[in-house]
Amino acid sequence: MSTDLHSVNELRSLFHFKRSRLNRLLNEAIKYPLVVVCAGAGYGKTSAVRDFIEEQHNIVVWVQLSERDNVGARFWENYVHAVARYNQSFANALTKLGFPDNDDKLSHYFQIVQEYPDLVDSTLVFDDFHLVNDPAVVNFVESSVPHLPTGSSIILISRCLPGFNLAGLIGKDQLFVISENDLRFVDTELASYFAQQGLTAPASSLRAILLDTDGWAFAINLIARSFEQAPGYEGYLRNAMKTNIFQLMESEIWSKISERLQLFLIRLSLIEHLSVDLIDLLATGDKELIAELEQQNAYIRLDTYISAYQIHHLFLEFIRQKQDLLSEQDKQQTYEIAAAWCDRNGFKIDALSFYEKAADYQAIIRVYFALPTQLPEDIARFAIGIFDRAPANAFDEVEFFVVMHIRTLMCLGRWPETSKYLQKYEQKFLQLPDSDFKNHSLAGIYYCWGIMRTLMCTVDDTYDFDIYYAKMCECLALSPLEPGRIANHPSGPWISLVGSSESGAPQAFNAAFIRATEHVSQNLGGAMTGLDDLIQGELLFYQGEARDAESYMVKGLERAREHRQYDTVHRALYYLLRISISQGNYAKAKAALDEMHCLLDEDEYSARFITYDISTAWFYCTLGMPDLVPEWLRERFSSYGHVYFIENFGNQAKARYFYMTQNFPTLLAYIDEQKRRESILFGRIEMLVVEACIYYQMKNRSRALALLHEAYQTASPNSIILPFVGLGKDMRTLTAAALRDPDCAIPREWLEQINRKSASYAKRKAHIISEYKQANGIASEVSLTQRELEIVTDLSHGLSRREIAISHNLSVNTVKMVVGIIYDKLGAENLADLIRICTELRLVQ
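This write-up is about the structure you can find in this document.

Quick notes on the rules
- Residues numbered from 1 in each chain as written.
- Predicted model: local features only at pLDDT ≥ 70, side-chain atom pairs only at ≥ 80, totals over all residues.
- Heavy atoms only, no water.
- Buried < 20%, exposed > 50% of the residue type's maximum accessible area, 1.4 Å probe, protein only.
- Helix = DSSP H or I, 4+ residues; strand = E, 2+ residues; numbered from the N terminus.
- Contact = heavy atoms within 4.5 Å.
- Core = buried A, V, L, I, M, F, W, Y, C linked by side-chain atoms within 4.5 Å.
- Phe/Tyr/Trp six-rings, centres within 6.5 Å; stacked < 30°, edge-to-face > 60°.
- Lys NZ or Arg CZ within 6 Å of the ring centre and 35° of its normal.
- Salt bridge = Lys/Arg side-chain N within 4 Å of Asp/Glu carboxyl O.
- Pairing = 2+ DSSP bridges.
- Axes fitted to C-alpha atoms, helices over the stretch in contact; angles between N-to-C directions.
- Parallel < 35°, antiparallel > 145°, perpendicular 65-115°, else oblique.
- Left-handed = near helix turned anticlockwise from the far one by under 90°.
- Disulfide = S-S within 2.5 Å.

Details of helix α23 (residues 401-411)
With respect to burial, α23 is a largely interior element, 11 of its 11 residues being buried. Listed as buried for α23 are F401, V402, V403, M404, H405, I406, R407, T408, L409, M410 and C411. Packed against the buried residues of α23 are α20 (361-369), α21 (377-389), α22 (392-397), α24 (415-430) and α25 (436-460). Downstream of α23 by one or two residues, G413 has phi in the positive range, about 70°.

Following this line, the structure appears as structure tokens:
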């Protein structure tokens, strides 16, 4: 067989005879949001799609999938890598978002897509989609279909139909399927192809080839390439094709390439990534070897869309059968080079996998330190296997290997197992002779133990976590550690994790937390600096002591900023924002929001976009502007591994949104679910208060008052009042009803205090709303009745309430009631403030 039969043109000429027919089909298909090109290997699926898109002028993002993409994070790295070739800004946004493995992130992804108008009329191709079966990845692709930009499509190239709701997509006219039948050669196309190749075959042979191959392009290509040398199709070729197609690959391809390329191809079969850069590294820059590789273009091609080589699946399977020809040294070197390339290019999951195959456990720990502190569940599930398979010497010799094992178990929420290994590893390392390895390992063990005990105290009310941080310090005193070598402290919806409502419980937690913060800050480069101030300010804030709380927040903010503790900086600003609302100080509120926005430029702060969205959502709900809440925080509540995890921080913002929009069934279901598991005191009180107000608005007065009483009993031992006051006029209304109820068991003095403070809070909030609208050019929607206008005019003219009552033939109490309504509507603090607001709104002259 002549060498030129190996050329790209010769191979692709086979598909040329189907091109016009398939292009017409794809031109029709591309009008649909989802196109599935479904057939077995070797039917020319990829070639058909690639020939078609090469004639298009829109953006085409081609994502080559593999079995490794069944890990969500790895799939996302692959997807982002493909996107970056066309829109680096879009890719950066996706990198910051991370794999959308929950509804919140998925909604955020759709929002990001809409922000890039150049994606209109684009095409997203997922090749070899049949290799992906991870539910989260499949759900991402399926969920993307109805959210595509105008005129855009997703093309799935697959050996089987995807596990989507195909009936639903067909019913919505969103799916077009190109099947194996569409890709099969028909008799006229086969005859034309043989004639173009100069091959003479009787009609009976062509018919037999079609029957035996069922129009399969790959087999037809193999048959055609050996047709002249065979005594006829019905003889050798038919039997060889049926019994062992790999034998043809051996004789027609493998035996004709150099031994050097054979070994190189076997090395490539060890890895999934075939990037041009990586291939060059593996070839050590050998241009002759690369040139010979590219000559094998019948089954190996350079894909310029993704800057990578593609090897036909069957040929790759054929090569993999020969991996025992490689030495262990060759395998290890290949895995090391591939792992380092993956690590540099953001493929962290593959880097971990290849380093494991190379038995380089030191490198695994280096990759681990670059991963988020709270590992996404899919990464943790993948990584735990590394520790399960690791040899005993890895735990005995690799620094922090046991620490990362514990960290992974914690991220999976496997608390009993975590506790068991903490004790096991502690005893093991305590018995070792003194060394940096021993002391660093124990320091990491105690650090993780401190975090676990902090999380567990929400349930068991035992505040002993600082003991473990103290033990960590003892180890680091013997062997100082470079800052940043141990994971950062996780952040949650509140700083305090106290669960008990017993008197003094928050103070007991805070005392232990302050001691822990001192230990960590002094020994880990300032980590957690400022949280000791914030946790004291947080309790004062919830106790209604805004001024004292503000003092602690400002102090903690300054200290945290000095040590680049950005999550602590954000948390301080979040509380300063809430304090400024309670004070009716719009200038302070805006300053806090502006500083939060500046944190979005800090790349070291990985959670900055999530926390910023949560804070602004709370602010916009306070303003009564739920339409401005980020879209992902308008979706259903997220599941969470522990109430302290960041997913539940988002749930708190969603609760405000659902309350504001009166989506009470969804909110009540969340509150009910929360009551059946661990809860932090502040959050538990807030949800009880919200639930009470919901039932009062639903006209279930008895249930509302019962919940208010439960909230009072939970809050009063520690003088917590902010959750009540913060609901403003809704709480004023509810407490007024409680004051009128002779059977209410809540102390009258307490109800009157909350009633006054919530009324004051409502007025100050209204003042913030008014200033915000004025600053942003938003027309006021306040409207006064004719009687209210008359009374406010009299007030502006200096009339007393008694004089106004006489003038309008009303009782003094009626005038007072109307004045109170006017104050509420306009958010006025006093008479001078009321007249100022009315003048600005031109309600009075």
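Some thoughts on the nonpolar core
Judged by nonpolar contacts, the single largest core of 209 residues is most densely connected at L667 and F724. Tallying contributions element by element places α25 first for this core, with 13 residues. If we skip the residues at most four places from it in the chain, F724 touches I685, V689, L708, A711, Y712, A715, M731, W750 and I754. If you look at the next biggest cluster of nonpolar residues, it comprises 40 residues, including W76, Y79, V113 and L166.

Some words on the packing of aromatic side chains
The description of an aromatic ring pair uses the distance of the two centres, along with the angle that the planes make with each other. For the structure on display, the rule yields 50 aromatic pairs. Taking the centre distance of 4.9 Å and the plane angle of 80° together, the rings of F395 and F401 count as edge-to-face. Given the relative accessible area of 0%, F401 is considered buried. Here the aromatic rings of Y586 and Y772 are separated by 6.4 Å at their centres, their planes lie at 75°, and the arrangement is edge-to-face. A residue pair is termed long-range when its members are at least 10 positions apart, and Y586 in helix α31 (residues 586-598) and Y772 in helix α39 (residues 748-775) qualify at 186 residues. As far as the burial class goes, Y586 and Y772 line up, both buried. Between R50 and the ring centre of W62, over which it is positioned, the NZ or CZ distance is 3.8 Å.

Re the pattern of salt bridges
Following the criterion strictly, the structure yields 34 salt bridges and no others. Here D603 and R608 are joined by a salt bridge, their closest N and O atoms 3.3 Å apart. The exposure class of R608 is buried, given its relative accessible area of 5%.

Focus on the sheet that holds strand β2 (residues 60-64)
The strand order across the open sheet formed by 5 strands is β2-β3-β4-β1-β5, and the pairing between neighbours is parallel. Each edge of the open sheet is held by one strand with a lone partner, namely β2 and β5 (175-178). The mean angle between the axes of side-by-side strands here comes to 15°, regardless of whether they run parallel or antiparallel. Note that strand β1 (residues 34-38) and β5 share 4 bridges and pair parallel. Paired with V35 across the two strands is F176, which belongs to β5. Of the strands in this sheet, β2 and β3 (123-127) touch helix α3 (residues 72-83), which is tilted by about 145° from β2.

As for the packing of helix α32 (residues 608-622) against helix α33 (residues 646-660)
Here α32 crosses α33 at 20°, and the two axes come no closer than 9 Å. Classified by the angle between their axes, α32 and α33 sit roughly parallel to one another. In this structure, the crossing between α32 and α33 has a hand that is left-handed. Taken together, the residues of α33 that come into contact with α32 (itself represented by I610, T611, I614, A617, W618 and C621) are I646, F649, G650, A653, R656, Y657 and M660.

As for the state of the cysteines
A complete count under the given rule lists 0 disulfides for this structure. C693 provides the cysteine sulfur closest to C621, a residue in no disulfide bond, and the two sulfurs are 15 Å apart. Using a relative accessible area of 5% as the deciding quantity, one classes C621 as buried. For the unlinked cysteine C693, the closest cysteine sulfur is that of C744, found at 14 Å.

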